[in-house]
Each structure stands twice: as structure tokens, then as C-alpha cells.
Amino acid sequence: MLYHILAVGDVVGEPGLEHLERVLRPLQRFKQIAFTVVNGENASGVGLTPEQARRIRDAGADAVTLGNHAFGRPQIRNFLDDTPWLLRPGNYTGRAPGHGCELFDLGSVRIRVVNLIGRCDLAWGADNPFFASDRLLEDPSADFTLIDFHAEATSEKLALAYYLDGRVSALWGTHTHVPTADERVFPKGTGYITDLGMTGAVESVLGIEPWQSVENFLGGLPGRYKQPEGPCKMQGAIFTLDSDTGLCTSVERVDIR
């Protein structure tokens, strides 16, 4: 049986969150989505609050993943420990609150969602994501395994995908907020895209006011980041997975404006 799995790129600020609430469920119905993973680590700009996490969940997410801003809002820390559907990178130190791997039972299939963070120019203090993925994949009970790899370097994302090809159903990248055009199924059956993109303002630099980003590159003081008003987009990818093999048959990019 084929299952359509939706992965949604980083939700940025209130504009991105409101757009997700408007368009996610209609897309799920139209594309017959069985399971949805949303990266929510920028819902408040830097991190997210428990209320924002619940809003992403209520909008239609089955699992919410994070990244380098996982602990950007202090009030999220206890919430991470008590919320199975909210994942922070699993290769953070064991002293960090929360967890990075969770099993979801759909009745007919069990889906394992793994959240990892890259180390190249992003999180050198994290454990090696290659070794961490081996550890997190030891339990063979899942029918499908999905990985959100929150990483800066495209080379690190590609290398991990080749390392896990045939061992996981799908692996996608988040963090850079710019969608890549390299969606594909790897030789051994793993669905892949280097970056999903983002959910936020169209007229922005990675979701923030353009003038603030310009000011930053000019060497000025841009101040606290703001998310612009105006048209928004929700970007991501749909992975079609086969329950007979646990692998991917096709990948389709999504951009809803």
C-alpha cells in the first residue's frame, strides 16, 4: 500500500504560522496525506513556545521537529519532556531536555520520526549525526523511518542520505529556508531533498524583513528580527512510501502561496 507523507519547511514567525493554519489541512485533503511532519523551530523567530507548538499541531502536524533554535524559548524546555510529538535533534547531548526519536502508530503502519542536527558550521558540540542515526535506528519495529536533518552544509546532508540509503524511507534537509530542486529517490530507495524551504513571508530574507538583513550585511545594528506582513508561502515535499518495502517511490516538491 502507498502512503503519502508530507514534510513542511521551517515555519517562520506569526505570518508563517497563520499561513500554515490556513493551507495545511486543505493540502492534506487534496493530496490524501497520511502523516505530516512540520519543522517549527522558527515559529517565534528564534525557537517556539508551547502555545505555538500546539498551534502547529492543531493546524494538522502529526510531528513537530526543531533544530539549532530548539531551546531558544526557555518555556519550551519542560514542554519538550512531556510532549511525545515534539522532537529536538536527537544527537544533542543527553543532558538536553526532550527526545529526538519517536514512534507513531497509524494502525496499519508504524512511523518512526528522527530529528538530527548537522555539525558543519552549525552545532559542533552535537554528537556525530552519522553515529547517532545508527543508534536511533537500532529498533527495527517501524515500517517507515523519516529523518529531518537540520543542517547548514549541503554536503553533510547528501552524505548522510547516501550513508542511510535503503535504511530509511525518507530524509530531508531543513534550516537554510531555501528550497532545493534536487528531490529524488536514491538508488536503494530512500526519498531525499536537500532543503524543504520555509513557511513564511514571500517578500523577506529567510522570513525576516529584507532591510534588517541588508543592514546586518552592511555592518549596522538591525535590531530584533521582524517578520514582514504580506503574501506567504508554505514549502515542503511529499514522499510516497510503499508499505511492502518501507521505501520511497516518488518525491514531489510543494509550494503553496
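Residues numbered from 1 in each chain as written. Predicted model: local features only at pLDDT ≥ 70, side-chain atom pairs only at ≥ 80, totals over all residues. Heavy atoms only, no water.

1. Structural notes on the pattern of salt bridges
Let me state the cut-off plainly: Any Lys or Arg side-chain nitrogen found within 4 Å of a carboxyl oxygen on Asp or Glu counts as a salt bridge. Strands are runs of DSSP state E lasting at least two residues, helices are runs of H or I lasting at least four, and both sets are numbered from the N terminus onward. Each residue's exposure class comes from its accessible area (1.4 Å probe, protein chains only) as a fraction of the maximum for that residue type: buried when under 20%, exposed when over 50%, partly exposed otherwise.
Scanning the model with the defined rule gives seven salt bridges in all. A salt bridge links Asp 134 to Arg 167, with the nearest nitrogen and oxygen atoms 2.6 Å apart. Of this pair, Asp 134 sits in helix H4 (residues 129-136) while Arg 167 sits in the loop between helix H5 (154-164) and strand E9 (170-174), and the two are 33 residues apart along the sequence. Given a relative accessible area of 25%, Asp 134 falls into the partly exposed group. The partner of Arg 253 in a salt bridge is Glu 183, and the shortest N-O contact between them spans 2.9 Å. Here the residue Arg 253 occupies a position in strand E14 (residues 247-256), and Glu 183 occupies one in the loop between E9 and strand E10 (184-185), the gap between them amounting to 70 residues. Relative accessible area serves as the criterion here: at 41%, Arg 253 is assigned to the partly exposed category. In the salt-bridge network here, residues are joined through shared partners; they are Glu 14, Glu 21 and Arg 55.

2. Some points on the confidence of the model for the protein
Rules: Confidence of the predictor in every single residue is expressed as pLDDT, which spans 0 to 100.
Counting all residues, the mean pLDDT for the protein is 96, and 100% of those residues have values of 70 or more. Here helix H6 (residues 210-217) stands out as the element of the protein with the lowest mean pLDDT, 91, in contrast to E9, whose mean of 99 is the highest.

3. What to know about the side chain of His 150
Definition in use: Here a polar contact is recorded for every N or O atom pair within 3.5 Å, except that within protein the pair must consist of a potential hydrogen donor and a potential acceptor, and residues adjacent in sequence are included only if both atoms are side-chain atoms. Whether two residues are in contact is decided by their heavy atoms, any of which lying within 4.5 Å being enough.
On the secondary structure map, His 150 appears in strand E8 (residues 144-150). A distance of 2.7 Å separates a polar atom in the side chain of His 150 from a polar atom in the side chain of Thr 174. At 3.2 Å, the side chain of His 150 forms a polar contact with the side chain of His 175. Leave out the neighbours within four places in its chain, and His 150 touches Asp 10, Asn 39, Glu 41, Leu 66, Gly 67, Asn 68, Leu 116, Ile 117, Gly 118, Leu 122, Thr 174 and His 175.

4. Some remarks on the side chain of Ser 169
Inspection of the secondary structure puts Ser 169 in the loop between H5 and E9. From its side chain, Ser 169 meets the backbone oxygen of Gly 246 in a polar contact 2.6 Å long. Apart from residues no more than four positions distant in its own chain, Ser 169 is found in contact with Asp 143, Phe 144, Thr 145, Leu 146, Gly 189, Thr 190, Gly 191, Leu 241, Gly 246, Leu 247 and Cys 248.

5. Some thoughts on a nonpolar patch on the surface
Selection rule: Without a salt bridge and with relative accessible area above 30%, a residue can belong to a patch; like charges are then joined within 9 Å and nonpolar side chains (Val, Leu, Ile, Met, Phe, Trp, Tyr) within 5 Å. Calculation of accessible area relied on Shrake-Rupley with a 1.4 Å probe; when residues are assessed, cover is drawn exclusively from the protein chains displayed.
A contiguous nonpolar patch, built from Val 178, Val 205 and Leu 206 and spanning about 220 Å² of accessible area, is present on the exposed surface. With respect to the helices and strands, Val 178 occurs in the loop between E9 and E10. On the basis of relative accessible area, Val 178 is assigned to the partly exposed category, the value being 45%.

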